[in-house]
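Residue strings, one per chain:
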Amino acid sequence: MSAEFGGRSGRQGKISQWLRGRRPKQAADEGGREALLLAAADAGLPLAPAAHPAAGYRCSCDRVGCPTPARHPVSFAWQTQSTTDRTQIERWARHQPQANFITATGMVHDVLDVPLDAGREALTRLLDAGTEVGPVAESDDGRLLFFTLTRGTPEDEDEWWPCELDCHPETMDEHPGLRWHCRGSYVLVPPARLPGDDDRSVHWVRGPEHPLPDPLSLLEVLTDSCSRHAGEHSEHAGAAWPLRR
């Protein structure tokens, strides 16, 4: 599969782009959108149609005050609807030209979802160490998504983490800011548009042509980077609010 789905060739070129806060441009035409979706499906990522941005920050769905505008599936049956079938995905893409797409996690792949700055640091460390990273997507709302093999359903349920990993007090200190999307969850798959007036999107940093790695091979570095950046934010917040005398 062509490396164009992952952006510029060469690891150093990609790293320098991230450090400059830039990203490769994706094809804006329908053929480019469809090709990216089919590339994700060919890599085994099951897809289903999702909502898309409406005027301003609104969502294309009918829900008043949608809490996740343009970030959710259009069907309640998205888990059974998700597919890698090229014909079906082509039909959806052509009949719903504005639709985003989600990929259902916990079937073939999981996603480790981290704050952008921590994710960039971790990605550089992992690549420098020669670790097999796999596909990585960047969301312009400040997250970096690492696509991995799924852990499925471990025999020991204590070793399985839900996607709300960073929302539980007992895991907050160990995994600050880290969300593990697995069984019963989903993420937007590139190319996807986010609400707003500044052309925000979800786009590939490393394309789906990269093999999916074991999530545990990335977890330690991701957790360490998240902890480091969480600590820095805490220090800055503390400095902004001096104690009263």
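A brief report on the enclosed structure follows.

How each quantity is defined
- Residues numbered from 1 in each chain as written.
- Predicted model: local features only at pLDDT ≥ 70, side-chain atom pairs only at ≥ 80, totals over all residues.
- Heavy atoms only, no water.
- 1 Å grid on protein atoms, 1.4 Å probe; cavity = no way out; pocket = protein on both sides within 12 Å on 5 of 7 lines; lining within 4 Å.
- Points joined across faces, edges and corners; volume = space filled by probe spheres on them.
- Helix = DSSP H or I, 4+ residues; strand = E, 2+ residues; numbered from the N terminus.
- Contact = heavy atoms within 4.5 Å.
- Polar contact = N/O pair within 3.5 Å; in protein donor to acceptor, adjacent residues only side chain to side chain.
- Salt bridge = Lys/Arg side-chain N within 4 Å of Asp/Glu carboxyl O.
- Buried < 20%, exposed > 50% of the residue type's maximum accessible area, 1.4 Å probe, protein only.
- Core = buried A, V, L, I, M, F, W, Y, C linked by side-chain atoms within 4.5 Å.
- Pairing = 2+ DSSP bridges.
- Axes fitted to C-alpha atoms, helices over the stretch in contact; angles between N-to-C directions.

**Remarks on the layout of surface pockets**
Then, in step 1: Roughly 730 Å³ of volume is contained in the largest pocket.
Then, in step 2: What lines the largest pocket is a set of 31 residues, and nearest its centre among them are T68, R71, H72, P73 and Y186.
Then, in step 3: Taken together, the elements giving at least two residues each to the lining of the largest pocket come down to β5 (143-149), β6 (179-181) and β7 (186-189).
Then, in step 4: Among the elements that take part in the lining of the largest pocket, β7 stands out by supplying three residues, more than any other.

**Description of the environment of S217**
Then, in step 1: Secondary-structure assignment places S217 in helix α7 (residues 216-240).
Then, in step 2: Counting along the chain gives 86 residues from S217 to T131, while the straight-line C-alpha distance between them is 7.8 Å.
Then, in step 3: In this view, S217 contacts L126, T131 and E132; residues no more than four positions away in its chain are not counted.
Then, in step 4: Separated by 2.6 Å, the side chain of S217 and the backbone oxygen of D214 make a polar contact.

**Details of the pattern of salt bridges**
Then, in step 1: Tallied over the full model, the rule gives ten salt bridges.
Then, in step 2: Residues R179 and D113 are paired through a salt bridge, measuring 3.8 Å at the closest nitrogen-oxygen approach. One end of the pair, R179, is in strand β6; the other, D113, is in strand β3 (residues 109-115), and 66 residues separate them in sequence.
Then, in step 3: Using a relative accessible area of 31% as the deciding quantity, one classes R179 as partly exposed.
Then, in step 4: Taking relative accessible area as the criterion, D113 reaches 5% and is therefore assigned buried.
Then, in step 5: Linking R120 and E138 is a salt bridge whose minimum nitrogen-to-oxygen distance equals 3.2 Å. A residue pair is termed long-range when its members are at least 10 positions apart, and R120 in helix α5 (residues 116-128) and E138 in strand β4 (residues 136-139) qualify at 18 residues.
Then, in step 6: Connected via shared salt-bridge partners are E121, R125, D224 and R228.

**What about the nonpolar core?**
Then, in step 1: Formed by 28 residues in total, the largest nonpolar core has its most connected members in L47, F147 and V189.
Then, in step 2: At the level of elements, α2 (30-42), β1 (47-50), α4 (86-95), β2 (100-104), β5, β7 and β9 (201-206) are the ones that each hand at least two residues to this core.
Then, in step 3: Among the elements that take part in this core, α2 stands out by supplying five residues, more than any other.
Then, in step 4: Setting aside chain neighbours within four positions, we find F147 in contact with L45, T103, H109, D110, V111, V133, P135, A137, V187, W204, L212 and P213.
Then, in step 5: Core analysis: the next-biggest nonpolar cluster, separate from the first, contains 21 residues, V114, L116, A118 and A122 among them.

**Re the sheet that holds β2**
Then, in step 1: Pairing is antiparallel across the open sheet formed by three strands, whose spatial order is β1-β2-β7. The two strands at the open ends of the sheet, each matched to only one other strand, are β1 and β7. For this sheet, the mean angle separating the axes of adjacent strands, direction not counted, is 40°.
Then, in step 2: As paired strands, β2 and β7 are joined by four bridges and run antiparallel to one another. When the sheet's bridge partners are listed, I102 is paired in β7 with L188.

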